[in-house]
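# Understanding the architecture of this molecule
Chain by chain, the residues run as shown.
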Amino acid sequence: MDIKRRTLLKTVGLTAGALATGSLPALAAAEQAAHNKNKKLALTVAHITDVHIRPGDNAPERFKNCLKQVIDQHEPDFFLNGGDSINDASYDNVVRNQVTEQWAIWDDCLKQIGKYEIYSCIGNHDPWWKAPEKTDEMYGKDYVVKRLKIPNRYYSFSKKNWHFIILDGNNSKISLDEEQYKWLEQELEKLPAATPTVIMSHYPILGTTQVLVGGGHSDAKKLKDLFYKHRDKVKICLSGHNHLSDHTTYNGVLYCCNGAMSGFWWGKGDAESAGTGYYLETPPGYAVLKLYADGTIENTYYPHTF
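Here is what the cut-offs are and how they apply
- Residues numbered from 1 in each chain as written.
- Predicted model: local features only at pLDDT ≥ 70, side-chain atom pairs only at ≥ 80, totals over all residues.
- Heavy atoms only, no water.
- Helix = DSSP H or I, 4+ residues; strand = E, 2+ residues; numbered from the N terminus.
- Contact = heavy atoms within 4.5 Å.
- Pairing = 2+ DSSP bridges.
- Axes fitted to C-alpha atoms, helices over the stretch in contact; angles between N-to-C directions.
- Salt bridge = Lys/Arg side-chain N within 4 Å of Asp/Glu carboxyl O.
- Phe/Tyr/Trp six-rings, centres within 6.5 Å; stacked < 30°, edge-to-face > 60°.
- Buried < 20%, exposed > 50% of the residue type's maximum accessible area, 1.4 Å probe, protein only.
- Core = buried A, V, L, I, M, F, W, Y, C linked by side-chain atoms within 4.5 Å.
- pLDDT = per-residue confidence, 0-100.
- Left-handed = near helix turned anticlockwise from the far one by under 90°.
- Nonpolar A, V, L, I, M, F, W, Y, C, P; charged D, E, K, R; others polar.
- Arc of directions from axis to C-beta.
- Parallel < 35°, antiparallel > 145°, perpendicular 65-115°, else oblique.

Time to look at the overall build of the protein. Scanning the protein from N- to C-terminus turns up eight helices and eleven strands. Summarising the internal contacts of the protein: among those between residues at least 6 apart in sequence, 71% fall at separations of at least 24.

This part is about the sheet that holds strand 10 (residues 285–292). Taken in spatial order, the five strands of this open sheet run 3-2-1-10-11, and their pairing is mixed. The open sheet has two free edges, formed respectively by strand 3 (118–120) and strand 11 (297–303), since each of these has just one partner strand. Sheet twist, expressed as the average angle between the axes of neighbouring strands with direction ignored, equals 25 degrees. Where strand 10 and strand 11 come together, seven bridges link them in antiparallel fashion.

Note that serine 85 resides in the loop between strand 2 (78–81) and helix 4 (96–110). Ignoring sequence-local partners within four residues, the contact set of serine 85 consists of Val51, His52, Ile53, Trp103, Trp106, Asp126 and Leu148.

So, on to the pattern of salt bridges. According to the stated counting rule, one finds 18 salt bridges in the structure shown. Between aspartate 92 and lysine 130 there is a salt bridge, with the nearest N and O atoms lying 3.8 Å from each other. Remark: lysine 130 occurs in the loop between strand 3 and helix 5 (140–148) and aspartate 92 occurs in the loop between strand 2 and helix 4; sequence separation between them is 38 residues. One network of salt bridges, in which partners are shared, links Lys141, Arg153, Asp168, Asp177 and Glu179.

Once that is clear, we can look at the sheet that holds strand 5 (residues 162–166). Taken in spatial order, the six strands make up an open sheet running 4-5-6-7-9-8, and their pairing is mixed. Among the strands making up the open sheet, the edge pair consists of strand 4 (155–159) and strand 8 (245–250). Taking the axes of each pair of neighbouring strands and ignoring which way they run, one obtains an average angle of 15 degrees across the sheet. Of the strand pairs in this sheet, strand 8 and strand 9 (residues 253–258) are connected by six bridges, and their pairing is antiparallel. Note on strand 9: the bridge partner recorded for aspartate 246 is cysteine 257.

Taken as a whole and assessed by the stated rule, the structure comprises 13 aromatic pairs. Arranged with centres 5.9 Å apart and planes meeting at 75 degrees, the rings of phenylalanine 78 and phenylalanine 157 form a pair that is edge-to-face. Highlighted residues: phenylalanine 78 in strand 2 and phenylalanine 157 in strand 4, separated in sequence by 79 residues. Phenylalanine 157 sits in the buried class, given a relative accessible area of 11%. Here the aromatic residues Phe78, Tyr119, Tyr155, Phe157 and Phe164 are joined through ring pairs into a cluster of three or more.

Moving on to the pairing of strand 4. Covered by surrounding structure in strand 4 are Tyr155, Phe157 and Lys159 only, the residues Ser156 and Ser158 on the alternate face being uncovered. The hairpin formed by strand 4 and strand 5 contains two residues between the paired strands, and lysine 160 there has a positive phi angle of roughly 55 degrees.

Next up on the list: the nonpolar core. In terms of nonpolar packing, the biggest core is built from 56 residues, with Phe63, Leu80 and Trp106 touching the most fellow members. Listed in part, the 16 residues of the second largest apolar core include Leu167, Leu184, Leu188 and Cys237.

For helix 5, the tally of buried residues reaches seven of nine residues, placing the bulk of the element in the interior. When helix 5 is considered as a whole, its buried residues turn out to be Gly140, Lys141, Tyr143, Val144, Val145, Arg147 and Leu148. At the exit of helix 5 stands lysine 149, carrying a positive phi of roughly 60 degrees.

Glancing now at the confidence of the model for the protein. Chain-level pLDDT for the protein is 90 on average; 88% of the residues reach the 70-or-more range. Note on residues 1–29: pLDDT is under 50 here. Beyond four places in sequence and across chains, it has 49 contacts.

Another point: the packing of helix 3 (residues 59–74) against helix 4. Following both chains from N to C, one finds helix 3 and helix 4 inclined at 30 degrees, their axes separated by 9 Å at the closest point. Like other packed secondary-structure pairs, helix 3 and helix 4 cross with a definite hand, here right-handed. Contacts between helix 3 and helix 4 involve Pro60, Phe63, Lys64 and Leu67 on the former and, on the latter, Ile105, Trp106, Asp108, Cys109 and Leu110. Taken together, the residues that form the contact of helix 3 with helix 4 break down as seven nonpolar, no polar and two charged.

With that settled, consider helix 8 (residues 220–229). Every buried residue belonging to helix 8 is among Ala220, Leu223, Lys224, Leu226 and Phe227, and all of these are buried. Buried residues of helix 8 fall within an arc of 165 degrees about the axis and therefore sit on the same side. Among the exposed residues of helix 8, those pointing more than 90 degrees away from its buried face are Lys221 and Lys229. Each element contacted by the buried residues of helix 8 is listed here: helix 6 (178–190), strand 6 (197–200), strand 7 (234–239), strand 8 and strand 9.

In this section: the packing of helix 6 against helix 8. The contact between helix 6 and helix 8 brings their axes to 10 Å, and the two run at 15 degrees. On the basis of the axis angle, helix 6 is roughly parallel to helix 8. Between helix 6 and helix 8 lies a crossing whose hand is right-handed. Every residue of helix 8 that contacts helix 6 at Glu178, Tyr181, Leu184, Glu185, Leu188 and Glu189 is listed here: Lys222, Leu223, Leu226, Phe227 and Lys229. Of the residues belonging to the contact of helix 6 with helix 8, the class tally is six nonpolar, no polar and five charged.

Okay, structure coming up:
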């Protein structure tokens, strides 16, 4: 776990609905809720991030119980996984068998979701950089792509009328490399006008959490400008990394850092934890997205107690 990131946070994770209606009179809030109820739901998507799976603390069984809860309570169409799937392969003292052990546990846990598709991005703790040689098949991000069963370190796909873009921010100063940025430009440009789009990166692009604890994209302004150009398309940017829940809206784009499935890395917490398993004021949990046919979106964070 990154001890340096444990700085004081005074914020509360809000649901998208609360952001939209929290300051409205009760009548207006009720009208908004009624309007949402009448909209056509296109997709229900579960967003899990920062699982940090490992042996110990009964983490595998607890994660399996979390996945069962997601399926039983929310019936998602598919899963988005925001990275840091395994506890850590990036530390200097990690050896090969520790990496393979963690990925084996990840594979076993995913049996819990069976037929459900899962689309993942790469977290900073997923790649093993201390392989003996760069030519080693387990070195770096290519191996993570293989273990996560994704087509590339960045990629896109479509479901119903929604488009999804998965990014790799594991580059210099937490950013998109030039090749990837040009691809993203072209990806957004070629989409038909008003195609509702979800973007997922491991690291927050904009929001509150990186102001307080760091860990955000250094190219945030560049990405913000691109999203503004395509403001008819980009609806939400999902992230994890900071283990904190934060919903920020800027230029009509909702930026959601959706906590962490592992909370305090499956531990009980420390002196700054607001509750058992919390990282600062955020409990362990996951998010559920409601994507509507009209291009609107709701993102709700659900704490878990496993």
